[in-house]
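Overview (structure and organization)
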Amino acid sequence: MRIARFSIDGNVAFGAVEGGSAPGEEGAPVLDIIKGIPYADFELSGTKVPLSKVRLLPPVLPNKVVGIGRNYAEHAAELGNEVPDVPVAFFKPTTSVIGSGDAIEYPSFSRELHHEAELAVVIGRMCREVPRERVKDVILGYTCANDVTARDVQKREKQWARAKGFDTACPLGPWVETDLDPADVTIQCTVNGEQRQLGRTSDMIRSVEDLVVHITEAMTLLPGDVILTGTPAGVGPLNVGDEVAVTIEGIGTLTNKVIKRG
């Protein structure tokens, strides 16, 4: 099931995405509005609205976004870094989260903004110290993410808080796919239609299971929290006016345009 969060006529709701034809055609995508929230048992209301008539919002509003750095060997190498002995974790604040179609604002304190296409894990229930065999039980599903990074600031500052945590630095979307095996799917990033990144999750150094176990050893994850699993090689610059798209096999495409801040 694909679960989207959206607004229509000033109201915000969750809905299950149905159909897959182009907007305006018979069978075009619609949203069956969910009764309740997707983190608990819910029912479909049967009330349906065309996907073309709503504004997609970030599919979740996480309490925290936990990012993982250098989880693809080729990406670590392209930036001149060693593969770490343990996962490198960092946070992106909730104020950095935007949805598909929202604008990425080029931060005024950077001159080198980069895209990083990533598979994002969406947590479905409160969990702590999760054993490997229970990891699937705590995951709601998966979505596309762009770990937008001010690369010059990341290089200059020891902490990555400003480089990766500025407003609009965490596009998520377009929805959460609950029926996905994340072990080996394609991740692609294009800028203005030109392919920049192409990789597979099977190239991750540490799997989704590894990451959930590692993170929950230290902290409690809450429903709606997000884990960014790292980016394949090919990261590169974004400029004002660029349109960047992250496509993940089995999920869909997250698209954002870069604008000047302010």
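Here the residue index of a chain counts from 1 through its sequence in written order. Local features are withheld for residues below a pLDDT of 70 in this predicted model, meaning they are given only at 70 or higher, and side-chain atom pairs are given and counted only at 80 or more; totals for whole chains, interfaces and linings count all residues. For side-chain calculations, the full set of non-hydrogen atoms in the structure is used, while hydrogens and water are omitted.

**Remarks on the sheet that holds strand 19 (residues 243-248)**
A pair of strands is considered paired only if DSSP assigns at least 2 bridges between the two. Helix and strand assignments come from DSSP, with helices taken as H or I runs of at least 4 residues and strands as E runs of at least 2, each series counted from the N terminus. What the five strands build is an open sheet, ordered 9-20-19-15-16; its pairing is mixed. Two strands bound the open sheet, and with one partner strand each, they are strand 9 (103-106) and strand 16 (194-200). Strand-to-strand twist across the sheet, computed as the mean angle between neighbouring axes with direction ignored, equals 20°. Sheet topology places strand 15 (residues 186-191) next to strand 16; six bridges connect them, and they run antiparallel. Of the residues in strand 16, the one forming a bridge with Q188 is L198. Lines fitted to C-alpha atoms define the axes, with helix axes restricted to the stretch in contact, and inter-axis angles between N-to-C directions lie between 0 and 180 degrees.

**Details of the packing of aromatic side chains**
Ring pairs (aromatic) are described by centroid distance and by the angle formed between their planes. Stacked, edge-to-face and tilted are the three classes for Phe, Tyr and Trp ring pairs, Trp counted by its six-membered ring, which pair at centre distances within 6.5 Å; planes under 30 degrees apart are stacked, over 60 edge-to-face, the rest tilted. One pass over the structure, following the stated rule, counts three aromatic pairs. We count a charge as sitting over a ring when the NZ of a lysine or the CZ of an arginine lies within 6 Å of the ring centre and within 35 degrees of the ring normal. Cation over ring: R162 sits above F109, and NZ or CZ is 4.6 Å from the ring centre.

**Overview of the side chain of E177**
Structurally, E177 is set in strand 14 (residues 170-177). For every residue, the accessible area (1.4 Å probe, protein chains only) is compared with the maximum for its type, and the residue is labelled buried under 20%, exposed over 50%, or partly exposed between those bounds. Under the relative-accessibility criterion, E177 is labelled buried at 6%. For E177, the side chain forms a polar contact with the main-chain nitrogen of D179, separated by 2.9 Å. In contact with E177, other than residues within four places in its own chain, are M1, R2, G141, Y142, G250 and I251. What qualifies as a polar contact is a pair of N or O atoms within 3.5 Å, subject to a donor-acceptor requirement within protein and to the restriction that residues adjacent in sequence count only when both atoms come from side chains. By the convention used here, residues are in contact when the closest approach between their heavy atoms is within 4.5 Å.

**A short note on the side chain of T229**
With respect to the secondary-structure elements, T229 resides in the loop between strand 17 (226-228) and strand 18 (236-238). Engagement of the side chain of T229 in a polar contact is seen with the backbone oxygen of L119, the distance being 2.7 Å. Once residues within four sequence positions are removed from consideration, T229 is found in contact with I68, N71, Y72, E118, L119, V121, M204, V208 and L211.

**Points about unusual backbone geometry**
For the bond from G173 to P174, the omega torsion is 0°, close enough to zero to count as cis. For P174, the location among the structural elements is in strand 14. Phi at R70 takes a positive value of approximately 55°, unusual for a residue other than glycine. The residue R70 is located in the loop between strand 6 (65-69) and helix 1 (73-78) in this model. Taking relative accessible area as the criterion, R70 reaches 25% and is therefore assigned partly exposed.

**Section: the sheet that holds strand 10 (residues 113-115)**
Reading across from one edge, 13-10-18 is the order of the three strands in this open sheet, with antiparallel pairing throughout. The sheet terminates laterally at strand 13 (149-150) and strand 18, the two strands that pair on one side only. Here strand 10 runs beside strand 13; their pairing, made up of two bridges, is antiparallel. By the bridge assignment, H114 is partnered in strand 13 with T149.

**A word on the pattern of salt bridges**
Here, a salt bridge means any side-chain nitrogen of Lys or Arg that lies within 4 Å of a carboxyl oxygen of Asp or Glu. By the definition in use, this model includes 14 salt bridges. One salt bridge in this structure joins E177 and R2, with 3.0 Å as the shortest N-O distance. Of the two residues, E177 sits in strand 14 while R2 sits in strand 1 (residues 2-8), which places them 175 residues apart along the sequence. Residue R2 is classed as partly exposed on the basis of its relative accessible area, which comes to 29%. E112 is the salt-bridge partner of K155, the closest N and O atoms lying 4.0 Å from each other. On the criterion of sequence distance, the pair formed by K155 in helix 2 (residues 151-156) and E112 in the loop between strand 9 and strand 10 is long-range, its members being 43 residues apart. Taking the relative accessible area as the measure of exposure, E112 reaches 26% and is therefore partly exposed. Shared partners join several salt bridges into a network, and the residues in it are K92, E116, D147, R151 and K164.

**Notes on the environment of R206**
With respect to the helices, strands and loops of the structure, R206 is situated in the loop between strand 16 and helix 4 (208-216). Judged by relative accessible area, which is 13%, R206 ranks as buried. Separated by 97 residues in the primary sequence, R206 and F109 place their C-alpha atoms 33 Å from one another. In this structure R206 touches N71, P84, D85, V86, P87 and L211, once residues within four positions along its chain are discounted. One polar contact links the side chain of R206 to the main-chain carbonyl oxygen of P84, over a distance of 2.9 Å.

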